[in-house]
Amino acid sequence: MQGCVTTNDERVMLAMAEAGLGLIYAFEPTILPQLRRGSLRLVLEPFAAAVPGLFLYFPSRAQVSPALRAFIDTAREVTTALRSRRARARRRGELHARVCGPSTRLEAARRAGERDLGERGTRASRPADPPSQSRALGRAASARGRGRGRRVRAMRVAPGARRRIPTPRVPLWRRHGSAGCGTNPPLTMPASAPRVGIDFGTSSSALALVDAEGHVRFAQLPTLGTLAPSWRTLLFFEPDEQEVQRPILYTAGGEGIEAYLECMGEGRLLQSFKTHLTTESMGRTQVAHHAIGLDDMIALFLQRLRERAEQHLGVALESATIGRPVHFAGGTTPEADALAADRLLAAARRAGFQDARLEFEPVAAAHHYERTLTRPELALVADFGAGTTDFCLMRMGPTGRGDDRARDIVATGGVGAAGDDLDAALIENLVCPALGKGDSYVEMGKERLIPNSYYYKLARWHHLPFLAGTRVRAELERLRRGARHPERIAKLMHIIETNGAFHLHKAVERTKVELSKSKQAKFDFSDGEIDIHAAVTRRDFERWIAPTTASIAACLDDTLARAGVTPAEVDCVFMTGGTAFVPVIRALFEDRFGAGKLRSGDELMSIASGLALRAAAPDRG
């Protein structure tokens, strides 16, 4: 097909295509931002021509100019990194399966296998000499651009049809399996605009409401091609997609995980931002030309959560009851907790929830548990989150105890020791020694220990962003040059530069879950460049987390003491959250209350359920 315009200026070609002037024929990696943004779409894909990639040919003689030598070394470094990404890409199916569940494991593996990333890295080659060239050419370095190596045709998408990531559309009663979220009949919406409950967690979030028949329903959120009742609390930004004087482009939750995997770790992945709510001095994060603060991050996440829930439920959501811990992580004073609560409310209103209120998370869990009672009880609710552990001692009954539930709350307590601290203990003891923790380096004739701060941040989600940036890279490069084991520091730098901490924390989480089931587990982490394998016993794990366990026990005893209640006077203990499965934590409660008083169920979704129940009666309490 003969084109009506011929140009060798890629920017002009893209501008004409986005203006709707016709089709363009381009190398696919060069138009990935436009494809992801939705301003262009592929057409005539069966006729796309595959190309072998980009090649660099250079003289084989030893004496080359410094500029050319620097360019060759850089090309080798880049292609080596690309080769390692291919190995990480093979694990995308595994991550799909972990997030989506076993029912989609084969489909996820198939999707990952279909994404041909091409042959990346440096290879030896001796091409035939061109007639005009008098001397032989030596080695050739080849590197293929990100994405599939082919030339494709693309055309403009009408503005009204733009859509960044398709949202799966299935009936509400076709649900992705999760604790407390089985098969449900179709949703019957209340007559008035619904008020929803939002469990805004450090690691995961969920949104639920009570329908006209009094049943709690969870919004099903898009996650790697399926729908699930919870979303990872994260944001992902691609700096290359940002445009000057335009709103920031981002993905959140399960969509953010998909975008992160598609970009093979490039870009900015932000998680656990809830943990910083008590930090007044936290600066702004730069994403291309956008500078975003903590309040912006929370507002962006809640806005996308609201939008996806509205798409699934088919109704506008403007009112919400949002869970909050008794004491926010990092907060040591009532003023710090008040500041965090105000910031959370302000972010929710910016996200479109004009009528936003807060409720203690353990109180919400108590309302969820109360529906299972057949007689009045004095119950202790233990809510184990990712960033905090909270307690609520409350009088409960089968049908509630009137409208003013505040009188039923006997005592509350909370401490910033929780699930993330368990993960951090595993990382610091299993992973960090292989990355240089405890090693030394020599500088100016003196031997010094490598600072522990890098490993402290690596082990904690909410500190990972502080490892990004040129300053930290320069510091680590200086340490690597003088280190006794420079290869270990190089591994640490590799994990930071490739966003490998995401996969690292997932591997640690699997080990923690296995230790809750067995007395011994194996830790495995590999990304093509780094291989860390270690066996760990439950006894070692419990020894590493002893400070966290002691903090939780002290908070529990303090809550009972302030209430003037002995363990014998407590009728039951309702435990919610993933850490409730950890044997040493469960033993802590069995020793005080007896195994017969412990209750559990819907450990991962009870907070959202209770918040929805509270939201259905917002004027109570």
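This is a predicted model, so every value here is computed, not measured.

Engineer: Could you clarify how one ought to interpret the overall build of the protein in this entry?
Structural biologist: Helix and strand content of the protein: 18 helices and 28 strands. With 621 residues in all, the protein has 51% of them scored as buried. Put simply, 70% of the contacts in the protein that link residues at least 6 apart link residues at least 24 apart. Looking at the protein as shown, the accessible area adds up to about 28400 Å², and 51% of this sits on carbon and sulfur atoms.

Engineer: Would you mind going over the packing of helix α12 (residues 470-482) against helix α13 (residues 486-497) with me for this structure?
Structural biologist: α13 packs onto α12 with a crossing angle of 165 degrees between their chain directions and a minimal axis gap of 9 Å. When the interaxial angle is binned, α12 and α13 end up roughly antiparallel. Crossing of α12 against α13: the hand is left-handed. Side by side, α12 and α13 meet where R473, L476, E477 and R480 of the first sit next to P486, I489, A490, L492, M493, I496 and E497 of the second. Class assignment for the residues of the contact of α12 with α13 results in seven nonpolar, no polar and four charged.

Engineer: Explanation requested: α12 in the structure shown.
Structural biologist: Owing to its 3.6 residues per turn, the α-helix brings residues three or four apart onto one side. Under the 1.5 Å per step criterion, the end-to-end length of α12 is 19 Å for 13 residues, consistent within 8% with the ideal 18 Å. Taken as a whole, α12 has its buried residues at V472, L476, L479 and G482. Axial view of α12: buried residues confined to an arc of 125 degrees, hence all on one face. Projecting away from the buried face of α12 at angles above 90 degrees are the exposed residues T470 and R481. Those residues of α12 hidden inside the fold are in contact with β23 (440-443), α11 (453-458) and α13.

Engineer: Mind showing me how you'd approach the packing of aromatic side chains here?
Structural biologist: Where two aromatic rings form a pair, the distance of their centres and the angle of their planes describe that pair. Tallied over the full model, the rule gives 10 aromatic pairs. Taken together, a centroid distance of 6.0 Å and an interplanar angle of 40 degrees make the contact between F200 and F301 tilted. One end of the pair, F200, is in strand β7 (residues 195-200); the other, F301, is in helix α7 (residues 294-313), and 101 residues separate them in sequence. Exposure class is identical for F200 and F301. Each is buried.

Basis of the calculations
Residues numbered from 1 in each chain as written. Predicted model: local features only at pLDDT ≥ 70, side-chain atom pairs only at ≥ 80, totals over all residues. Heavy atoms only, no water. Helix = DSSP H or I, 4+ residues; strand = E, 2+ residues; numbered from the N terminus. Buried < 20%, exposed > 50% of the residue type's maximum accessible area, 1.4 Å probe, protein only. Contact = heavy atoms within 4.5 Å. Areas by Shrake-Rupley, 256 points an atom, 1.4 Å probe, with all protein chains shown as cover. Axes fitted to C-alpha atoms, helices over the stretch in contact; angles between N-to-C directions. Parallel < 35°, antiparallel > 145°, perpendicular 65-115°, else oblique. Left-handed = near helix turned anticlockwise from the far one by under 90°. Nonpolar A, V, L, I, M, F, W, Y, C, P; charged D, E, K, R; others polar. Expected span 1.5 Å × (residues − 1). Arc of directions from axis to C-beta. Phe/Tyr/Trp six-rings, centres within 6.5 Å; stacked < 30°, edge-to-face > 60°.

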